[in-house]
Each structure stands twice: as C-alpha cells, then as structure tokens.
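Residues per chain are reported as follows:
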Amino acid sequence: NTLSLPMKARKAAQLIVSEDALPYDIGTFNGKYFTYVASFGALTECSYAAPQSLKNKIGRFAYFYEAAKEIKDIHPIPLRVKVDDKVFEGEYIFGSVSNSYVIAKLIHLDPEFVCLNDGKFEVLLVENPRTVKGWTSTLTSALARNFDERYIKLVKGSHIEIETLDGSPLPWTLDGEYGGDDSKVVIDVHKHAFNFFRPPLIN
C-alpha cells in the first residue's frame with residue numbers, strides 16, 4: 001500500500017516494463033535488515049500474535065481482536081532514545097522506527113513528512129499519558145494525525161539507539177513479525193540500498 005504497487009500480476013508487469021526502478025531506503029536492526037517498521041510496546045504483538053486462520057477469515061479485524069486483548073497489559077517502559085544528535089528519556093508505551101505512511105494499520109503519518117528515500121526513518125514515541133484525559137488526547141490526536149506533542153514525539157533520523165533504563169529486555173516487532181527481546185538496539189538507515197519498481201508519483 002505504501003508503495004502503491006498493483007495487486008494484479010498483469011498490472012504489476014506493466015509497471016515493470018513501463019517505468020524505471022526508483023531508489024528505496026532500508027534499515028538494519030542490530031545488524032538484521034528490515035524494510036518498513038521496527039516497533040515496541042502497546043499493540044505491537046497483535047501483528048504476529050493473531051492466528052493466520054483468523055486473518056484469513058476476517059482480515060485486518062484479526063489485528064483489532066488481538067489488540068483488544070492487549071490493552072489491559074499495557075505498561076510504560078523507561079527508555080533512553082537517541083535519534084542522531086537528539087536524546088529523549090521517559091516512560092513510553094509505544095515506539096516505532098519506520099519508512100512507511102502507515103504504522104500498525106492504525107497510525108497514519110503525513111505523506112508530506114515521510115520520504116521513502118531520504119536516508120532517514122521516522123521515529124514515533126508515545127509517552128505514558130497517565131490520566132484518562134491524557135489517554136483520550138493521545139488516542140484522538142494519533143488517529144487524527146495531529147499529534148499532541150505533550151505525549152507524542154515524531155522526529156527523523158538516520159542513526160537511532162534505544163535502550164531500557166533498567167536493563168530489562170524489550171520485545172520488538174520487525175515488519176510485523178517477532179524480532180526478539182533486546183535491552184539495547186541500534187538502528188541504521190541505508191540510503192538508496194536497492195531499487196524498486198513502483199509508480200513515480202510518490203517520493
């Protein structure tokens with residue numbers, strides 16, 4: 001969806017023979033490659049925990065079903081996050097490093113802000129809202145793409161370091177699959193790592 005690739009084989013073939021391949025960035029997560037998102041915290045497990053049989057029956061609603069079961073287990077995670085020369089510390093309930101317009105099928109980023117081949121990924125951090133009012137503001141602003149800066153930070157970077165302040169392992173999701181438990185991760189963006197046949201109307 002992010003790349004606007006045709007779902008039909010014939011249309012995809014027409015794209016390949018009619019357009020030039022365009023450059024695309026890729027990320028490494030402690031040395032492992034990922035293409036569009038590395039994430040932690042609330043609602044990330046639902047992407048790989050949802051049974052395939054349920055996905056086949058009800059599609060993306062399978063993710064919402066799993067998400068509803070996770071909400072009661074949301075706990076803030078004390079972290080230090082370094083994005084190039086910026087450093088953030090706090091208690092976060094969700095975070096992602098992505099090269100995509102959509103994260104976890106729920107959060108939509110502004111296409112004017114996201115560039116798929118600028119050598120930088122978007123880093124989204126959601127702090128613990130603590131109060132009911134804070135939760136309401138956080139969820140409402142996330143869905144509306146008008147992020148409440150008191151709780152949600154969105155920055156760009158090419159070198160990202162994330163570590164737990166207490167040294168505990170943190171479960172990660174890479175491109176929708178389980179990515180392991182790590183107390184510290186280093187993410188680097190590799191600009192123009194490969195070429196992709198895709199419509200030229202996106203950056």
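Just above, that's the structure.
Residues numbered from 1 in each chain as written. Predicted model: local features only at pLDDT ≥ 70, side-chain atom pairs only at ≥ 80, totals over all residues. Heavy atoms only, no water.

> Break down the pairing of strand β10 (residues 159-164) for me, citing the residues and quoting the values.
The side chains of a regular strand alternate, first on one face of the sheet and then on the other. Side chains I160, I162 and T164 project from β10 onto a buried face, and the interleaved H159, E161 and E163 project onto a face without burial. The pairing of strand β4 (residues 77-83) with β10 spans five bridges and is classified as antiparallel. Within the sheet, the bridge partner assigned to V81 lies in β10 and is I162. Where β10 lies against strand β13 (residues 184-196), five bridges are found, and the strand directions are antiparallel. (Buried < 20%, exposed > 50% of the residue type's maximum accessible area, 1.4 Å probe, protein only. Helix = DSSP H or I, 4+ residues; strand = E, 2+ residues; numbered from the N terminus. Pairing = 2+ DSSP bridges.)

> I'd like to hear about a nonpolar patch on the surface, residue by residue, with values.
A cluster of nonpolar side chains, contributed by I16, V17 and F197, occupies part of the molecular surface with about 300 Å² of accessible area. For I16, the location among the structural elements is in helix α1 (residues 9-18). (Patch = residues over 30% accessible without salt bridge, like charges linked within 9 Å, V, L, I, M, F, W, Y side chains within 5 Å. Areas by Shrake-Rupley, 256 points an atom, 1.4 Å probe, with all protein chains shown as cover. Salt bridge = Lys/Arg side-chain N within 4 Å of Asp/Glu carboxyl O.)

> Outline the packing of aromatic side chains, supporting the account with residue identities and numerical values.
This model, assessed by the stated rule, comprises six aromatic pairs. Arranged with centres 5.6 Å apart and planes meeting at 65°, the rings of Y24 and F196 form a pair that is edge-to-face. In this pair, Y24 is assigned in strand β1 (residues 22-29) and F196 in strand β13, connecting sequence segments 172 residues apart. Residue Y24 is classed as buried on the basis of its relative accessible area, which comes to 5%. A connected cluster of aromatic rings, assembled from ring pairs, spans Y24, F194 and F196. The side chain of K156 reaches across the aromatic face of F113, ending 4.8 Å from its centre. (Phe/Tyr/Trp six-rings, centres within 6.5 Å; stacked < 30°, edge-to-face > 60°. Lys NZ or Arg CZ within 6 Å of the ring centre and 35° of its normal.)

> An account of the nonpolar core is needed here, citing residue identities and associated values.
If you look at the biggest cluster of nonpolar residues, it comprises 23 residues, and the most contacted ones within it are F29, F40, L79, I162 and W172. At the level of secondary structure, the elements contributing two or more residues to this core comprise β3 (37-41), β4, β5 (86-98), β8 (121-127), β10, β11 (170-174) and β13. Of all the elements, β4 adds the most residues to this core, at four residues. Apart from the residues lying within four places of it in its own chain, the contact partners of W172 are F29, A38, S39, F40, I162, E177, Y178, G179, G180, D182 and V185. L3, I93, I107 and L124 belong to the second-largest nonpolar core, a separate cluster that totals 16 residues. (Core = buried A, V, L, I, M, F, W, Y, C linked by side-chain atoms within 4.5 Å. Contact = heavy atoms within 4.5 Å.)

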